[in-house]
Amino acid sequence: MDDQAVASAINDFCELPKPAGSSGTAQVSSLAKRHDQGELLERDTAENPLPNEEPKPAKELKPLPAHLKYAYLGEDETKPIIINNQLTQGQEDRLLEVLRRNQRAIGWKLTDLLVGKQYFSFVDGYSGYFQIAVNPEDQEKTTFTCPFGTYAYRRMPFGLCNAPGTLQRCMMSIFSDLLEDCIEIFMDDFTVYGDDFDQGLHSLNRVLERCRQKDLVLNFEKCHFMVTEGIVLGHIVSSRGIEVDFHILPTRRRSEPFWGTLGSIDDS
């Protein structure tokens with residue numbers, strides 16, 4: 001077989017097959033059907049317009065016994081607190097005045113602290129657990145064996161049952177005066193924030209100076225400096241607050257119930 005015959009055979013093999021029974025009439029009928037469906041959709045949209053305003057989600061507050069009630073330190077019923085329901089109006093006003101003056105001592109949600117912040121620096125510690133030394137008297141408690149002998153850790157390993165709590169307490173102790181002022185901490189993940197670029201840069205400088213003083217080493221590959229949003233523990237942090245990152249959720253069909261993704265039981 002010569003080259004021309006090979007090329008002809010390849011062209012015949014790659015040519016798309018024509019559907020049986022296809023005709024111009026069928027194509028015109030299909031187009032007319034799509035046009036009719038489009039008119040029906042437009043008519044239904046005109047008769048049933050979508051609401052212009054999104055419904056506001058209801059506040060999820062737990063029910064209280066009769067002797068307690070909710071009061072609010074912020075505008076539009078934000079920053080709720082629980083107070084005695086038997087107080088007079090004068091007593092309640094004096095109590096709210098004290099609470100508003102010291103509301104930074106009350107914790108609500110991390111979202112409330114981050115809303116409106118324009119710049120963030122997401123800082124990650126390098127081998128956070130191993131930056132904590134184990135007390136020499138307790139090193140033998142970390143002993144493990146392997147084919148090459150018996151060894152003990154001089155630095156806190158990841159596998160100890162109290163390692164996460166120890167690391168969290170250590171980080172909270174190091175940055176105690178900066179918490180809820182310019183930084184939020186979860187383990188070795190730090191979120192540094194500021195209302196504008198200058199304040200964000202000042203906050204970052206304070207945190208980095210503290211890291212340098214305490215010999216904390218940061219992982220440059222996981223540090224993002226002076227960004228407007230980022231992902232922390234599967235959530236998007238930005239000036240809007242904290243939102244779920246739906247890109248990491250498992251995909252499923254809309255008609256499939258959520259529990260259907262968790263598996264099923266075979267009754268047979």
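Placed above this text is the structure.
Residues numbered from 1 in each chain as written. Predicted model: local features only at pLDDT ≥ 70, side-chain atom pairs only at ≥ 80, totals over all residues. Heavy atoms only, no water.

Engineer: Explanation requested: the pattern of salt bridges in the structure shown.
Structural biologist: Pairing between side chains becomes possible if they bear opposite charge and their charged atoms approach one another. Taken as a whole and assessed by the stated rule, the structure comprises six salt bridges. With a closest N to O distance of 2.8 Å, Lys 69 and Glu 92 form a salt bridge. Taken as a pair, Lys 69 in strand β1 (residues 68-72) and Glu 92 in helix α3 (residues 89-101) lie far apart in primary sequence, 23 residues in all. A relative accessible area of 27% places Lys 69 in the partly exposed class. A salt bridge links Asp 195 to Lys 117; the shortest N-O distance between them is 2.8 Å. A residue pair is termed long-range when its members are at least 10 positions apart, and Asp 195 in the loop between β7 (189-194) and α6 (197-213) and Lys 117 in the loop between α4 (110-114) and β3 (119-124) qualify at 78 residues. Overall, the relative accessible area of 36% leaves Asp 195 in the partly exposed class. Of the residues examined, Lys 117 reaches a relative accessible area of 15% and is grouped as buried. (Salt bridge = Lys/Arg side-chain N within 4 Å of Asp/Glu carboxyl O. Helix = DSSP H or I, 4+ residues; strand = E, 2+ residues; numbered from the N terminus. Buried < 20%, exposed > 50% of the residue type's maximum accessible area, 1.4 Å probe, protein only.)

Engineer: Is there a simple way to explain the sheet that holds strand β9 (residues 229-232) in this structure?
Structural biologist: Within a sheet, neighbouring strands are paired by backbone hydrogen bonds and run either parallel or antiparallel to one another. The strand order across the open sheet built from three strands is β9-β10-β11, with neighbouring strands paired in antiparallel fashion. Since the sheet does not close on itself, it has two edges, and those belong to β9 and β11 (241-244), each with one partner. Strand-to-strand twist of the sheet, defined as the mean angle between neighbouring strand axes without regard to direction, takes the value 30 degrees. As judged from the four bridges shared by β9 and strand β10 (residues 235-238), these two strands associate in the antiparallel manner. Its bridge partner lying in β10, Ile 231 is registered against Ile 236. (Pairing = 2+ DSSP bridges. Axes fitted to C-alpha atoms, helices over the stretch in contact; angles between N-to-C directions.)

Engineer: Help me understand empty space enclosed by the protein in this model?
Structural biologist: One water molecule sets the probe size; rolling that probe over the atoms shows where empty space is left. Enumeration over the complete set of coordinates arrives at one cavity of 30 Å³ or more. Roughly 70 Å³ of internal volume is contained in the largest cavity. Lining the largest cavity, in full, are Gly 125, Gly 128, Gln 131, Leu 167, Met 171, Asp 188, Phe 190, Leu 216, Val 217 and Leu 218. A per-class count over the lining of the largest cavity returns six nonpolar, three polar and one charged. (1 Å grid on protein atoms, 1.4 Å probe; cavity = no way out; pocket = protein on both sides within 12 Å on 5 of 7 lines; lining within 4 Å. Points joined across faces, edges and corners; volume = space filled by probe spheres on them. Nonpolar A, V, L, I, M, F, W, Y, C, P; charged D, E, K, R; others polar.)

Geometric descriptors of this kind do not, in isolation, establish any biological role.
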